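So you can see what is in the structure, the chains are spelled out below.
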Amino acid sequence: MNYEINEGTMAIISVGNGKCKILEDKKEYLVEKSSFELIDYSCKYFGSSFEGRKEGARSILNLSYKVPIVIENTRNLIFFPTSAPTSPDCSWISLKDVDFVVERDYNSSKIIFKNGEEIEIPVSRRIIDNQILRASRLDLIMRNRKQVHNLERNSYL
């Protein structure tokens, strides 16, 4: 199954053995690709690549690791990794769908999405909160740049 990340995609959860589970609003899919392969495929589907999106975000945020990426910028599809992107246990979470995060214990968190769905991630709340902060910064900078670009373009008309 080929799957393109879309506005309904809330999370891409690694389940091991080169497979991932996709969580959408009230739907789940099991895909025979790793979370990294799915992210890269979706970036390519929308005209870039994971490396291109990562370099762009890295440059904007001045970060070197676990960089959130914009999968598709007209729809603000921004996802952040829960660990190193190429790690087999890395999951990817949609920034716009996260409502809040609850610490389960030192090494795990529960992410509650805006639609009430929940997932448990084997990562501390501190790490998830930091990833949300990075992704939010990327979102804010991208939105501001779009706004400035639109103002400049309209001043020429």
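Analysis parameters
The written sequence of each chain sets the order in which its residues are numbered from 1. Reporting in this predicted model follows two pLDDT cut-offs: at least 70 for local features of residues, and 80 or more for side-chain atom pairs to be given and counted; totals over whole chains, interfaces and linings ignore these cut-offs and use all residues. Hydrogen atoms and water are omitted, and side-chain values are computed over all heavy atoms in the structure. Numbering goes from the N terminus for both helices and strands, where a helix is a DSSP run of H or I of at least four residues and a strand is a run of E of at least two. Only the C-alpha atoms count toward the radius of gyration. The rule for a globule is 2.2 Å times the residue count to the power 0.38. Each residue gets one of three labels from its accessible area relative to the maximum for its type: buried under 20%, exposed over 50%, partly exposed in between, using a 1.4 Å probe on protein chains only. Working definition of accessibility: Shrake-Rupley area with a 1.4 Å probe, residue cover restricted to the visible protein chains. Residues scored as charged are limited to Lys and Arg (positive) and Asp and Glu (negative), so that His and the chain ends carry no count. In this description, the location of a charge corresponds to atom NZ of lysine, CZ of arginine, CG of aspartate or CD of glutamate. Confidence of the predictor at the level of single residues is given by pLDDT, which spans 0 to 100. Counting rule for disulfides: a pair of cysteine sulfur atoms within 2.5 Å. Polar contacts, as counted here, are pairs of nitrogen or oxygen atoms within 3.5 Å of one another; within protein the pair requires one atom able to donate a hydrogen and one able to accept it, and residues that are adjacent in sequence qualify only if both atoms are side-chain atoms. Residue contacts are counted whenever heavy atoms from the two residues lie within 4.5 Å of one another. By the convention used here, strands pair only if DSSP detects at least 2 bridges between them. Every axis in this analysis is a line fitted to C-alpha atoms, fitted for helices over the stretch in contact. Angles between the N-to-C directions lie between 0 and 180 degrees.

(A) Geometry of the overall build of the protein. When its secondary structure is counted, the protein shows 3 helices and 9 strands. Of the regular secondary structure in the protein, the N- to C-terminal order runs β-β-β-α-α-β-β-β-β-β-β-α. Computed over its C-alpha atoms, the radius of gyration of the protein comes to 16 Å, within 12% of the 15 Å expected for a compact globule of 157 residues. Oriented by its inertia axes, the alpha-carbon framework of the protein measures out at about 50 × 35 × 30 Å. Out of the 157 residues in the protein, the part that is buried amounts to 45%. Surface summary for the protein: the accessible area is close to 8600 Å², and the carbon and sulfur share equals 48%. Taken together, the 23 basic and 22 acidic charged side chains of the protein have centroids lying 4 Å from each other.

(B) How the structure looks around the confidence of the model for the protein. Here the protein shows a mean pLDDT of 92. Residues at 70 or above account for 94%. The lowest-confidence element of the protein is helix H3 (residues 125-156), averaging 86 in pLDDT; the highest-confidence one is strand S6 (residues 92-94), averaging 98.

(C) Representation of the state of the cysteines. Across all of its chains, the model carries 0 disulfides by this definition. Just so you know, Cys-90 is unpaired, no disulfide at all, and the nearest cysteine sulfur is the one on Cys-20, 11 Å from it. Its relative accessible area of 0% is what places Cys-90 among the buried residues.

(D) Layout of the side chain of Asp-97. Along the chain, Asp-97 turns up in the loop between S6 and strand S7 (98-105). Here Asp-97 falls in the buried class, since its relative accessible area comes to 13%. Among the polar contacts made by the side chain of Asp-97, one reaches the side chain of Ser-94 at a distance of 2.9 Å. Among all residues touching Asp-97, those that are not within four sequence positions of it are Glu-7, Thr-9, Met-10, Ile-112, Phe-113 and Lys-114.

(E) How the structure looks around the sheet that holds S7. Pairing is antiparallel in the open sheet, where 3 strands are placed in the order S7-S8-S9. Across the chains shown, the open sheet's two edge strands, defined by having one partner strand only, are S7 and strand S9 (118-121). Along the sheet, successive strands turn relative to each other by an average axial angle of 20°, direction set aside.

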